[in-house]
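Notes for the structure review
Each chain, written out:
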Amino acid sequence: MFALRPPSLTGYRVIYFLLVSVAVLGGWPDCAFAGDHLKKIRKRGVLLWGADAEGGAPYVYPDPQKPEKFIGFEFELAEALAAKLGVKARLVQNQWDQLIPALERGNFDIILNGLERTSDNQQRIAMSQPYFVYAQQIVTREATRGITRLEELGGKRVGVLSSTAAQRLLEEKGGVELKIYPGNVESLRDLKAGRIEAVLLDLPIAQYYAKDDPALKFAGAPFAPGYYAIGVRREDLMLLAAINEAIKDLDNNGMLERIYRKYGVWDERQALLKNYQPDVIMHRKSVSALREWPKFLPLLLRGAATTVELSVLAMALAMVAGLFIVLVRLYAIVPLQWLAKAYVELVRGTPLLIQLFLIYYGLPQIGIRLNAFVAGILGLGLNYAASEAENYRAGIQAIPRGQTEAALALGMSRWQTLHHVVLPQAVRVVIPPVTNDFIAMFKDSSIVSVITMVELTKVYGMLAASTYDYIGLGLMTAGIYFALSYPSSIFANWLGRKLRYDHR
Amino acid sequence: MIIVEKLVKSYDSKRVLHGIDHHQQPGETVVLIGPSGCGKTTFLRCLNQLEVPDSGRITINGLTVEGGQHPNSGEQHEQQRQLRLRAGMVFQSFNLFPHLTAMQNITRAPMVVRGMPPKSAEDLALKLLAKVGLESKAHSHPCHLSGGQQQRVAIARALAMEPQVMLFDEPTSALDPELRGEVLSVMRQLAEDGMTMIVVTHEMQFARDIADRVLFFEEGSITESGPPEQLFLSPQHERTREFLRRVTLRS
């Protein structure tokens, strides 16, 4: 008997046991979660849907009449969908180009926000039946001639929303100077300000924001149709099935058409929804940026070069402007002293983000048009000038009164006293805090991505959003920041030591 | 040469100088003594405009500055500076510039204020350092000098501007007793060379040795003055006697 038993059975058992163990230890919590997630939503009674309502019209946006309420065709779709599932819908606000990572973190149950049903997106998450057929629309200024088709965008400065089909379309086409924006309102505003020549965007957005603007026009017909679909986590198969069912029902009973007509986004293309055939998606291997670092490092380093350029120039401006401010504050006539003090307090008491928006988007409204690089340097530099002025003030006031008196007693003028006696000594006091600010500037400079500057952090965000390797790219990016700032603090220590009087 | 008329100075509402009058001949050495807080230092600081007097007038070598208001025009600043150029000041706490060597401490003002060429300024500095016995320390920073050495450099620094009067504000008070001698002997030499000097000090023996005239300050007024023999040996006022008794007992 014993001899008849297949000798490999023990081997199978071991393998089976191992597989089960792996499933239990590694995959089990997800599996159990997955099967039950629809149940969990029903038990909770609330469907959490992720979307970006900032500049989100006509998808989902605060009602201009009652800003505490949201409206939009996706808002109503979410309500209808939730009703089909027998629950209430609740919006979770999330920045648009970070919706997929947020879904994976479990911040909400589904993404319902103009998410394109592309293979890129399906590398990471599962996508439902389409619920809307969009197309791309070129928008230009009213006076612009000669742009009506995608091909005619070559060599032009064109604005797109970050991580959209429009961005991919133009990147694949090549030869276009892309300006990537975090929101739709900003790109159209820059178009009107003349910073870019055209904007390529999804038709519904163009219809809401550009159609009725006399300064803008639709250039040519819509093209490159595609599908919006709802995103869910891969493992939530039951939820996906229920959503597909609900979308089909809403389409068949005319609900979708009613909602879309209400917001003026219904067109003949929506007929495509009826005979939609899911395409077969090839699952691409996920990209490991660390393993393929020669491909990614140069891109990150190019971003780092912008970061360095920006921080160094902005800091130079801050140090010079700060000196001017502190001299006015300490030595000018009284009304000017107040002005300098007011400047410092105002700048320190308001967020850098707002200051950048005012400089970049606000100034064009009074006729001052700056490009993003200059605006970034001005914004960072003038902001840090206030801190540097305070650093200098502390440094100057740390020099004993007797030093000034001795210089004055020798017949030096007040300016000579400052120049030959006070400032040379204050420099030594001021080096550590100014270096600290310089290092902080390296990191703060990432904020200029909001005014379309592509610096290190923005490059990281863009690469990570397309490869999903947030960890590998994150480590590389952090490494570059560290490699930039650590030598600065070593240099500052060395300088501080060198300038000490007793080491000469 | 020095004429002070009705000099009044208050801090907030507290009056520190009650209308001081003082005349001094060229080459005369005057020593101010008196209890702490009696106004000696304030008097000295008014003379070179580190304090602006409330009223009265100060004349040094023909240049008169009126008290009364803080200078705010360029012209008033210039007048103030001209007065300072006539009077060199030596401080209790030396106030050497710590970022400069002994040599640079001395050369900076002649070069910046008078536009003296660097070479001449250095020759002058070496001569003055030799005079105070520190030519070997020309390239030391103040932090490498003893208190006595620092004060001697400070005297040389003031002399480099060729003032007509030297003001000494308790020049040895911050020094250990064994370091005072070197500073006092430099000052004694200066007096013998005919420098016009006003010295605030608590060194009574020194005062007796070098003063042509001693002024006794009491609560913002000069209550007694005279040649040292007279003031030290037979003071006229009870307060002066009491002060002298106290300081002699202490030393």
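Note that the structure is predicted; figures quoted are calculated from it, not measured.

Definitions and cut-offs
- The residue count restarts for each chain, going from 1 along the sequence in the order it is written.
- The lettering of chains begins at A and the numbering of ligands begins at 1, in the order of writing.
- It should be noted that, the model being predicted, local features are given only for residues of pLDDT at least 70 and side-chain atom pairs only at 80 or more, the latter also being counted only at that level, while totals for whole chains, interfaces and linings use all residues.
- To obtain the side-chain values, all non-hydrogen atoms of the structure were included, while hydrogens and water were left out.
- Put simply, buried Ala, Val, Leu, Ile, Met, Phe, Trp, Tyr and Cys residues joined by side-chain atoms within 4.5 Å make one nonpolar core.
- For every residue, the accessible area (1.4 Å probe, protein chains only) is compared with the maximum for its type, and the residue is labelled buried under 20%, exposed over 50%, or partly exposed between those bounds.
- Runs of E in the DSSP output that reach at least two residues are strands. Runs of H or I that reach at least four are helices, and both are numbered from the N terminus.
- Here a residue-residue contact requires only that any non-hydrogen atoms of the pair lie within 4.5 Å.
- Note on geometry: axes are lines fitted to C-alpha atoms, helical ones only across the stretch in contact, with angles between N-to-C directions running from 0 to 180 degrees.
- Each angle receives one of four descriptions, namely roughly parallel if under 35 degrees, roughly antiparallel if over 145, roughly perpendicular if within 65 to 115, and oblique otherwise.
- Here a crossing is taken to be left-handed if its near helix is turned anticlockwise relative to the far helix by less than a right angle, and right-handed if that turn runs clockwise.
- Throughout this entry, Asp, Glu, Lys and Arg are counted as charged residues, while Ala, Val, Leu, Ile, Met, Phe, Trp, Tyr, Cys and Pro are counted as nonpolar. The remaining residues, Gly among them, count as polar.
- Here the expected length of a helix is defined as 1.5 Å per residue gap, with one fewer gap than residues.
- Any two strands are treated as partners once DSSP identifies two or more bridges connecting them.
- Summary of the metric used: pLDDT quantifies the predictor's per-residue confidence within the range 0 to 100.
- In this analysis, a patch consists of residues with relative accessible area above 30% that form no salt bridge, clustered at 9 Å for like charges and at 5 Å for the nonpolar side chains Val, Leu, Ile, Met, Phe, Trp and Tyr.
- Exposure was quantified through the Shrake-Rupley algorithm and a 1.4 Å probe, taking into account, for residues, occlusion by the shown protein chains and nothing else.
- The salt bridge definition used is simple: a Lys or Arg side-chain nitrogen within 4 Å of an Asp or Glu carboxyl oxygen.
- Cysteine sulfur atoms are paired as a disulfide whenever they come within 2.5 Å of each other.

1. Concerning the nonpolar core
Counting residues in hydrophobic clusters, the biggest one holds 95 residues, and the most contacted among them are Trp49(A), Ile110(A), Leu112(A), Tyr131(A), Ile230(A) and Tyr260(A). For this core, the leading source of residues is helix H13 (residues 372-397) of chain A, giving 10 residues. Ignoring anything within four residues of it in the chain, the contact list for Tyr260(A) reads Phe73(A), Leu77(A), Tyr131(A), Phe132(A), Val265(A), Trp266(A) and Gln270(A). Of all hydrophobic cores here, the second largest spans 48 residues; its members include Phe168(B), Leu184(B), Val186(B) and Leu231(B).

2. Comments concerning the packing of helix H12 (residues 352-362) of chain A against H13(A)
All names here are of chain A. Between H12 and H13, the shortest axis-to-axis distance is 9 Å and the interhelical angle comes to 140°. By the angle between their axes, H12 is oblique relative to H13. As for the relative orientation of H12 and H13, their crossing is right-handed in sense. Listed contacts from H13 to Leu352, Gln355, Leu356, Ile359 and Tyr360 of H12 are Ala372, Ala375, Gly376, Leu378, Gly379, Leu380 and Asn383. Of the residues assigned to the contact of H12 with H13, the class counts are 8 nonpolar, 4 polar and no charged.

3. Focus: the environment of Gly479(A)
By the element assignment, Gly479(A) lies in helix H17 (residues 470-498). When the C-alpha atoms of Gly479(A) and Leu239(A) are compared, they prove to be 40 Å apart, with 240 residues separating the residues in sequence.

4. Let's talk about helix H2 (residues 74-86) of chain B
Here H2(B) is 13 residues long and its end C-alpha atoms lie 19 Å apart, about the 18 Å a rise of 1.5 Å per residue gives. In this structure, the buried residues of H2(B) make contact with helix H14 (401-409) of chain A together with helix H1 (40-47), strand E4 (55-60), strand E5 (63-66), strand E6 (87-90) and helix H3 (102-113) of chain B.

5. Some details on the sheet that holds E6(B)
All names here are of chain B. The 6 strands are arranged E6-E7-E8-E3-E9-E10 in an open sheet whose pairing can be described as mixed. Edge positions in the open sheet fall to E6 and strand E10 (221-226), since each of these has one partner strand only. Taking the axes of each pair of neighbouring strands and ignoring which way they run, one obtains an average angle of 20° across the sheet. Bridge analysis of strand E9 (residues 213-218) against E10 gives 5 bridges, and the strand direction is antiparallel. Across the sheet, residue phenylalanine 216 finds its bridge partner in E10, namely glutamate 224. Its contacts with the sheet put H2 on E6 and strand E7 (165-169), and the angle it makes with E6 is roughly 70°.

6. Re the confidence of the model for chain B
Overall, the predicted model of chain B reaches an average pLDDT of 91, with 99% of residues at or above 70. Among the prediction metrics, the complex's ipTM stands at 0.94, with pTM recorded as 0.70.

7. With respect to the environment of Asn244(A)
All names here are of chain A. Its location among the elements puts asparagine 244 in helix H8 (residues 237-252). Distance from asparagine 244 to isoleucine 325, taken between C-alpha atoms, is 63 Å for residues 81 residues apart in sequence. Beyond its immediate chain neighbours, meaning those up to four positions away, asparagine 244 contacts Ser128 and Gln129.

8. Brief notes about unusual backbone geometry
With glycine set apart, most residues show a phi of negative sign, and most peptide bonds adopt trans. Cis rather than trans, the peptide bond between Ala57(A) and Pro58(A) has omega equal to 0°. Summarising the element assignment, Pro58(A) is placed in the loop between strand E1 (46-51) and strand E2 (61-62). In this structure, Lys6(B) is a non-glycine residue whose phi angle is positive, near 50°. Considering the arrangement of structural elements, one finds Lys6(B) in strand E1 (residues 2-11). Located in the positive-phi region is Asp12(B), a residue other than glycine, with phi close to 50°. Its place among the elements puts Asp12(B) in the loop between E1 and strand E2 (14-24).

9. Focus: the sheet that holds E2(B)
Residues and elements named next belong to chain B. Read from one edge of the open sheet, 4 strands run E2-E1-E4-E5, paired in antiparallel fashion. Whereas interior strands pair on both sides, the edge strands pair on one side only; in this sheet they are E2 and E5. Ignoring strand direction, the axes of neighbouring strands in this sheet form an average angle of 20°. Bridge count between E1 and E2: 8 bridges; the pairing is antiparallel. When the sheet's bridge partners are listed, isoleucine 3 is paired in E2 with histidine 23.

10. Observations concerning the packing of H3(B) against helix H4 (residues 118-131) of chain B
Relative orientation and spacing of two packed helices are given, respectively, by the angle between their axes and the distance between those axes. Residues and elements named next belong to chain B. Two elements in contact, H3 and H4, have axes separated by 9 Å at closest approach and are oriented at 130°. Here H3 lies oblique to H4, going by the angle between them. The way H3 lies across H4 gives a crossing that is right-handed. Of the residues in H4, those touching H3 at Met103, Ile106, Thr107 and Met111 are Pro118, Ala121, Glu122, Ala125, Leu126, Leu128 and Leu129. Across the contact of H3 with H4, the residue classes break down as 9 nonpolar, 1 polar and 1 charged.

11. Overview of a nonpolar patch on the surface
Residue and element names in this part refer to chain A. On the surface, Leu290, Ile471 and Leu475 cluster together to form a nonpolar patch covering roughly 320 Å² of accessible area. With respect to the helices and strands, the residue leucine 475 is situated in helix H17. For leucine 475, a relative accessible area of 53% translates into the label exposed.

12. What to know about the pattern of salt bridges
In this structure the tally under the stated criterion is 32 salt bridges over all chains. Here Arg195(A) ties to Asp190(A) by a salt bridge, and the two come within 2.7 Å at their closest N and O atoms. By the burial criterion, Arg195(A) is buried, and Asp190(A) matches it. With its nearest N and O atoms 3.1 Å apart, the salt bridge here joins Asp251(A) to Lys274(A). Remark: Lys274(A) occurs in the loop between helix H9 (255-262) and helix H10 (293-331) and Asp251(A) occurs in helix H8; sequence separation between them is 23 residues. Put simply, Arg401(A), Glu405(A), Arg45(B) and Glu51(B) are held in one network by salt bridges that share partners.

13. Some points on the state of the cysteines
All names here are of chain B. Applying the stated criterion across every chain, the model contains 0 disulfides over all chains. Between cysteine 38, a cysteine without a disulfide, and cysteine 46, which holds the nearest cysteine sulfur, the sulfur-to-sulfur distance is 13 Å. The exposure class of cysteine 38 is buried, given its relative accessible area of 3%.

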